Amino acid sequence: MTVFKEFDAVTNGKYAVGRQIGRGTQGEVFELLSDSDRVLKCAYLDSDVSHTVEKNESIKKSFLAVMKYLKHYQHSCFLKVYDYGVVDARKIPNAKSGRIHISFSIVERLKKLEPREEYLFDTIEPYTQKRSTDFEKVRRMIRDHASLYEMNLDTEKLMNFYNKLICAPVNHNDMCGSNFMKNTAGDYKAIDLDRATMMY
């Protein structure tokens with residue numbers, strides 16, 4: 001049984017979805033039939049079935065806190081959140097996944113980055129992850145990447161995004177290139193927030 005089928009069983013078909021447009025190790029993303037500009041993501045919050053009850057509850061609490069913040073403040077560096085929640089996977093008849101929590105979120109629909117753009121975020125990940133304020137170093141890395149791969153990048157737009165991202169009160173905890181996308185205006189957004197935590 002897939003994570004969406006488990007989620008759908010618990011929520012009694014609350015959301016009418018179309019085709020699957022994304023899939024990862026823990027989750028799945030679907031079109032929403034009611035709104036083409038939004039998607040449904042559902043994922044297992046319990047990445048390790050050996051986690052203690054306390055650990056799983058901590059992960060759940062962090063996810064809900066991050067979603068609450070992003071829904072209220074709509075931070076420009078993160079995808080827009082319209083609805084969210086966590087359901088109990090133990091309520092599923094004959095479930096065999098061993099999971100406890102399934103998270104879901106209704107979020108804005110975004111566009112994938114080019115492979116070269118993804119690789120750029122992979123390159124600067126050590127700096128974003130540790131919230132480095134060595135801005136000149138990051139700026140040089142962006143310019144060198146653009147030159148090496150013959151990309152027409154707006155360095156200052158990227159630096160503005162980087163600055164806001166490292167100052168945000170949300171710790172993403174997995175800032176690899178595949179966890180960034182763009183909206184229709186071309187603005188970068190961090191996605192996949194199932195492991196994110198609030199700084200306070």
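Report on the accompanying structure.

Notes on unusual backbone geometry
Reasoning step 1: Of note, R131 is a non-glycine position whose phi angle comes to about 55 degrees, a positive value.
Reasoning step 2: Looking at the secondary structure, you find R131 in the loop between α3 (115–129) and α4 (135–148).
Reasoning step 3: Its relative accessible area of 19% is what places R131 among the buried residues.
Reasoning step 4: The phi angle at N173 is positive, at roughly 75 degrees, despite the residue not being glycine.
Reasoning step 5: Following the sequence through the fold, N173 ends up in the loop between β7 (170–171) and β8 (180–182).

Notes on the pattern of salt bridges
Reasoning step 1: Within the structure shown, the criterion is met by 13 salt bridges.
Reasoning step 2: Note that R38 is salt-bridged to D35, the shortest N-O span being 3.3 Å.
Reasoning step 3: Here D194 ties to K41 by a salt bridge, and the two come within 2.7 Å at their closest N and O atoms. With D194 in the loop between β9 (188–190) and β10 (197–198) and K41 in strand β3 (residues 35–44), this residue pair connects regions lying 153 residues apart in the sequence.
Reasoning step 4: We classify D194 as buried; its relative accessible area is 12%.

Things to note about a nonpolar patch on the surface
Reasoning step 1: Taken together, the side chains of Y119, L148 and Y149 present a nonpolar region at the surface, about 320 Å² in accessible area.
Reasoning step 2: Note that Y149 resides in the loop between α4 and α5 (155–167).

Definitions and limits used
- Residues numbered from 1 in each chain as written.
- Predicted model: local features only at pLDDT ≥ 70, side-chain atom pairs only at ≥ 80, totals over all residues.
- Heavy atoms only, no water.
- Helix = DSSP H or I, 4+ residues; strand = E, 2+ residues; numbered from the N terminus.
- Buried < 20%, exposed > 50% of the residue type's maximum accessible area, 1.4 Å probe, protein only.
- Salt bridge = Lys/Arg side-chain N within 4 Å of Asp/Glu carboxyl O.
- Patch = residues over 30% accessible without salt bridge, like charges linked within 9 Å, V, L, I, M, F, W, Y side chains within 5 Å.
- Areas by Shrake-Rupley, 256 points an atom, 1.4 Å probe, with all protein chains shown as cover.

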